[in-house]
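Each chain, letter by letter, is given below.
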Amino acid sequence: MRLSLVLPVALIVLLLVVQFPAVNSQSPQLIAQQGFGLNRSASLTMKIVFLGITPDELNSTYLKSSVTVPPLKYQAILAGPLNTGVIFNFAYQLVFADNSTVSEFAQYLLSIQREENTFSSPITPSGLVNPYFTNSSTLSVAQNYFYDADKVESWLGSNMTLFGGSPVSGYTLFVADLHGFRIPSLNYTEYQNYVTPCRPCTPQAVQAHYYNRTVTDPDLGLVMHRHFMTGWGGSGRFYYMDLSAGPSYWTNELPVQVASQLRGISTTTYYGKLWMSKFIGAYVNGAVNNLFAPDQLYPVNYAQSYNIQLFVIDNRTTAEQAQGPKLRATINETRIQENLTSLVPFVGATGVTVNIRYANVTDYPGLAAIVANATTSLRDPISGRPIVDGDLVYNWFTTSGLGHIANFINVTRTTSRIDIPGFLFAFKGNYTFGVPFKEDIGSPSLSGTFGGEALGDMVLIGLSQQADFTVGNNSTYNQPGKGVGFTHNAIHELGHMMGLNHPFIYDLTEDFTNTVMGYYAYSLDFSQFDRDSILRGVNDELLSFALQALSTTPNTLFNSGYISTANQNIVQAENLYNTMDYAGAVQYSLAAAQDASAAQQFTSGALSPALAFGLIGVAIGAAIGILLGYLIFRRRKPTGLQYNRCPTCQQPLRWDPAQMRWYCDRCQKPV
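Residues numbered from 1 in each chain as written. Predicted model: local features only at pLDDT ≥ 70, side-chain atom pairs only at ≥ 80, totals over all residues. Heavy atoms only, no water.

Chemist: Honestly, the pairing of strand β6 (residues 170-176) in this entry has me stumped. Any pointers?
Modeler: Note on strand geometry: in a regular strand, side chains alternate between the two faces of the sheet. Burial within β6 is extensive, with 7 of its 7 residues counted as buried. With 7 bridges joining them, strand β1 (residues 40-51) and β6 adopt parallel strand pairing. Looking across to β6, one finds that Val49 is bridged to Phe174. Of the strand pairs in this sheet, β6 and strand β10 (residues 238-242) are connected by 5 bridges, and their pairing is parallel. Following the sheet pairing, Leu173 is matched in β10 by Tyr239. (Buried < 20%, exposed > 50% of the residue type's maximum accessible area, 1.4 Å probe, protein only. Helix = DSSP H or I, 4+ residues; strand = E, 2+ residues; numbered from the N terminus. Pairing = 2+ DSSP bridges.)

Quick look at the structure:
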């Protein structure tokens, strides 16, 4: 080997080894459980499709401005409060459906229209009234026109091409005003006749349209009508809201044709167009913040498996237990497992396990004692139901309190497995969980009682014999033997534990969404918005960790392979993420996090100081040895016949073509 090659090779080996810092070995946690070190940007297109609203009725520039709709949003974890490190950047695209398309849609609505008249007194079918119109002194009849919400959503999804299709990375919001397309709608005169106090009065009729659905409890079969909705969505990546529908007692929002006249607005004027833009912008804000780019309640964490442990505890009297239903009939294990698996498809069909244990409260004397102490004589002012103090029960379980949860389950939260425990109580009578407040105990407060609560470390749910399991016996429902069980509440609270929020915290309109996370619709499924939120959160968590780890990891000969594959997986994950294939991106995000972790560990812990200095010594010794060997062998005299040299004088030989032999000119003889 030539000296010109030996020295550079030795020097390169030496420098590569010296790059390793002499630090203590410490394995980092693969996934940060809350918060992120680096900000990630997620760009989403919000396509707003107007049905029955023309460009002349609003100011498009003002509608898309930051004054009216959010240009970006920092995602928060509300239970912290923390910042996930994700910044949503929004681009707004406005599409105005032509008159023929809107007429076609309105004609479809008329074809499925169902009318039901209700009065201010409970003489309507099933004893129900329109809860918004209950003033018997001014109302003669409320003519309600209903459209099946699921059918409307299906029609819009099937005809998406009429509106230019769905955005590659984003969501579609349909905003409709159909009061001018033969759809029966409340008008300003009817509204004034209804709300104006008078003595004596001539009761007047009103008419309004809504979107409705009927649901059945999966456990105990109670049929529930959800009639008075003004919007719907969640099966796909779009949401529909009808500004001319209602008013609904649930949201208390006025239809646009009433609200504009009530405020003296004409959309033909300059200010009227600005007002209309702001009015619509308020609805857009709700959909964007609640559905399209929601916050998380708790951090969304990746795991290879999710283990749900539910303890269903019977606190009913002996007579109530004999009356039924049986405790096992009040919850559906398969339905819970299937729904939660839909949130985390990357774990496979067996990645979510649900184990349910049934017991009487007397099986746990300590728990029976604390429940007895928490059972108060206080009654909720709104429902009139007596209260079990949920704080006392929670304190008995939680590790930050008395810590008795350890007698039921050893909870672990790692990237291999996340345990989620839940304690579900079947209370006697019509008891419900509640908590005390410093405010007037007599003041109505919806937050004072709860059927279930996700507390971060566990789920706590309380249903009762009379108000839930056998509520169908109530004359309001008139469904003897029917009731509601734990399944809906359990899926809802477990969704919170996975990180999902309510879909209505910024605007009640989005409670009309096909999601178990809402209240009004009583859906049993997670929406597409829920699935996007969880899978997007898992990718954000993994990619943020990978980027953070790589940013602090030096590239060396020993970890360069891990760094290279991590960067390749990040590119693959980002490409799928940006086309909203969040489920497909998870495997690449996970691989990127694992490779980045391996590169980081190799750098920080693969070489101890002794080994590092040992390798440096070996490298230096090898380099010196090679150099000395070359110098020594270079000075030795060669022996034997050398190619093209005289064996006597070692001078170069000349080829003599006449003699056909090599000839030494110095020795004057052929060789």
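Anyway, onward from the coordinates.
Chemist: Can you walk me through the sheet that holds strand β17 (residues 449-450) in this structure?
Modeler: Paired through backbone hydrogen bonds, the strands of a sheet run either parallel or antiparallel to each other. With mixed pairing, the 4 strands of this open sheet are ordered in space as β13-β14-β16-β17. On the outer flanks of this sheet lie β13 (375-379) and β17, each paired with one strand and no other. By the bridge criterion, 2 bridges tie strand β16 (residues 432-434) to β17 in an arrangement that is antiparallel. When the bridges of β17 are listed, Gly434 appears paired with Thr449. Relative to the sheet, helix α11 (residues 390-397) contacts β14 (386-389), β16 and β17, its axis offset from that of β14 by approximately 25°. (Contact = heavy atoms within 4.5 Å. Axes fitted to C-alpha atoms, helices over the stretch in contact; angles between N-to-C directions.)

Chemist: Just to check I follow, could you spell out α11 for this structure?
Modeler: Residue pairs spaced three or four apart in an α-helix point in one direction, given the helix's 3.6 residues per turn. For α11, the set of buried residues is Gly390, Val393, Trp396 and Phe397. Taken around the axis of α11, the buried residues stretch over an arc of 125°, which confines them to a single face. Contact partners of the buried residues in α11: α10 (365-374), β14, β15 (418-427), β16, β17 and β19 (459-464). Backbone nitrogen of Asp391 and a side-chain oxygen of the N-cap are separated by 3.0 Å at the start of α11; the cap is Asp389. (Arc of directions from axis to C-beta. Polar contact = N/O pair within 3.5 Å; in protein donor to acceptor, adjacent residues only side chain to side chain.)

Chemist: Mind showing me how you'd approach the confidence of the model for the chain here?
Modeler: For any part of a model where pLDDT is low, the fine detail of the predicted coordinates should not be relied upon. Confidence in the prediction for the chain averages 87 pLDDT; 83% of positions are at 70 or higher. Note that pLDDT drops below 50 for residues 1-36; the model gives that stretch 61 contacts with residues more than four away or on any other chain. In this model, residues 440-446 is a region of pLDDT below 50 whose contacts with residues beyond four sequence positions or in other chains number 8 contacts. (pLDDT = per-residue confidence, 0-100.)

Chemist: Even after reading the chapter, I still don't get the pattern of salt bridges, so can you show me in this structure?
Modeler: Think of it this way: side chains of opposite charge can pair up when their charged atoms draw near. Considering all chains together, one arrives at 10 salt bridges under this definition. The salt bridge partner of Arg237 is Asp532, with a shortest N-O separation of 2.8 Å. With a gap of 295 residues between them, Arg237 in the loop between β9 (231-233) and β10 and Asp532 in helix α14 (residues 528-551) connect regions that are remote in the sequence. Classification of Arg237 as partly exposed rests on a relative accessible area of 28%. Using a relative accessible area of 2% as the deciding quantity, one classes Asp532 as buried. Residue Asp314 is joined to Arg316 by a salt bridge in which the shortest nitrogen-to-oxygen separation is 2.9 Å. Residue class for Asp314 comes out buried when judged on its relative accessible area of 5%. The class for Arg316 is buried, based on a relative accessible area of 7%. (Salt bridge = Lys/Arg side-chain N within 4 Å of Asp/Glu carboxyl O.)

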